[in-house]
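# Architecture and fold: a report
Residue strings, one per chain:
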Amino acid sequence: MNEPAVSVRNLTKSFSGRRVVDDLSFDVQKGEVFALLGHNGAGKSTTIDLILGLKAPERGSAKILGMDAAKNRKQVFERVGVQLQNTRYQLNITVEEACIEYASLYADPANYPKLLERFGLGTLRKSFVSKLSGGERQKLSVVLALIGSPEIVFLDELTTGLDVAARREVWRTLKQLKDQGLTIFLTTHYMEEAEALCDRVCIIKSGKKVTEGTIDEVISASGQKNLENAYLFFMGEEELL
């Protein structure tokens, strides 16, 4: 088998004595859409930070495209796109200026006007970021994550703040990007989103993996009829079914 796009082994991290990521291991294969699923506070965002080398683990390791991101930051970030929940932008620049700024970081950036059109932001090129709605800023963050023409993109709760129509629009675009060979690693608490996009999912509870597999495998292992009910089953919340 080819080298995974992401390889996580026994990743462990605590804050103030609380274990946030607990001996977590999984692989993400090149060209697939993989999701970490879990409640708010389950450790999803911290796991991404550890993989990207933004935080240091207490134990374990993570590699992106065979590299340790903390030790090979430049090489990794030339090949990886990132949209994080806590991303902050300058508000006094336009959408176009933000795109130009990001594009300047890469040797061979993508065509940002086409990306803006693809995500329904083409008419907002001259708008100030401060004037964008929450959903528009969220879509801009995905555009900026894709400007470097990455091999893999990390998307943390990417459709939070989007209405149903905009969410489905983003799904369609991500499916097209996957068809072009992009590896997508996402976190979400929308089970419909995971079912629509993902090849495989890993469900975590209090930072610990409870199950992993294809959507069908996870549903089958739970004895439930859909991913939402399977998720509640693995979370120990069967009484909510």
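The paragraphs below set out a description of the structure included in this document. Only a predicted model underlies this, so the values are computations on that prediction, with no experimental measurement involved.

### Considering the overall build of the chain
A count of helical and extended segments in the chain gives nine helices and nine strands. For a compact globule of 241 residues, the expected C-alpha radius of gyration is about 18 Å, and the chain comes in at 18 Å, within 12% of that figure. Along the first, second and third principal axes, the C-alpha set of the chain runs to 50 × 40 × 40 Å. The 241 residues of the chain split such that 50% are buried. Contacts in the chain between residues at least 24 apart in sequence constitute 64% of all its contacts with a sequence separation of at least 6. Approximately 11400 Å² of the chain is accessible, and the part contributed by carbon and sulfur atoms is 47%.

### Some points on unusual backbone geometry
A positive phi angle, close to 55 degrees, is found at Asn10, a residue other than glycine. Along the chain, Asn10 falls in strand 1 (residues 6-15). Residue class for Asn10 comes out partly exposed when judged on its relative accessible area of 33%. Although it is not a glycine, Glu157 sits at a positive phi angle of roughly 50 degrees.

### Let's talk about the pattern of salt bridges
Under the defined criterion, the tally for this structure stands at 16 salt bridges. Across the pair Glu212 and Arg200 runs a salt bridge, and its minimum N-O distance is 2.9 Å. Of this pair, Glu212 sits in strand 9 (residues 208-214) while Arg200 sits in strand 8 (residues 200-205); the two residues are twelve residues apart in sequence, bridging distant segments of the chain. Residue Glu212 is classed as partly exposed on the basis of its relative accessible area of 26%.

### Some points on the side chain of Ser141
Mapped onto the fold, Ser141 is located in helix 5 (residues 134-146). Engagement of the side chain of Ser141 in a polar contact is seen with the backbone oxygen of Gln138, the distance being 2.5 Å.

### Brief notes about the packing of aromatic side chains
Taken as a whole and assessed by the stated rule, the structure comprises five aromatic pairs. Judged by centre distance (5.2 Å) and plane angle (40 degrees), the ring pair of Phe154 and Phe185 falls under tilted. With Phe154 in strand 6 (residues 152-156) and Phe185 in strand 7 (residues 183-188), this pair connects stretches of sequence that are 31 residues apart. Judged on exposure class, the residue Phe154 and its partner Phe185 are both buried. For the pair Phe233 and Phe234, a centre-to-centre distance of 5.2 Å together with 80 degrees between the ring planes defines the contact as edge-to-face. An aromatic cluster is defined as three or more aromatic residues linked by ring pairs; in this entry it consists of Phe26, Phe34, Phe154 and Phe185. The aromatic ring of Tyr190 is capped on one face by Arg167, whose charged end is 3.9 Å from the ring centroid.

Analysis parameters
Residues numbered from 1 in each chain as written. Predicted model: local features only at pLDDT ≥ 70, side-chain atom pairs only at ≥ 80, totals over all residues. Heavy atoms only, no water. Helix = DSSP H or I, 4+ residues; strand = E, 2+ residues; numbered from the N terminus. Rg over C-alpha atoms; globule rule 2.2 N^0.38 Å. Buried < 20%, exposed > 50% of the residue type's maximum accessible area, 1.4 Å probe, protein only. Contact = heavy atoms within 4.5 Å. Areas by Shrake-Rupley, 256 points an atom, 1.4 Å probe, with all protein chains shown as cover. Salt bridge = Lys/Arg side-chain N within 4 Å of Asp/Glu carboxyl O. Polar contact = N/O pair within 3.5 Å; in protein donor to acceptor, adjacent residues only side chain to side chain. Phe/Tyr/Trp six-rings, centres within 6.5 Å; stacked < 30°, edge-to-face > 60°. Lys NZ or Arg CZ within 6 Å of the ring centre and 35° of its normal.

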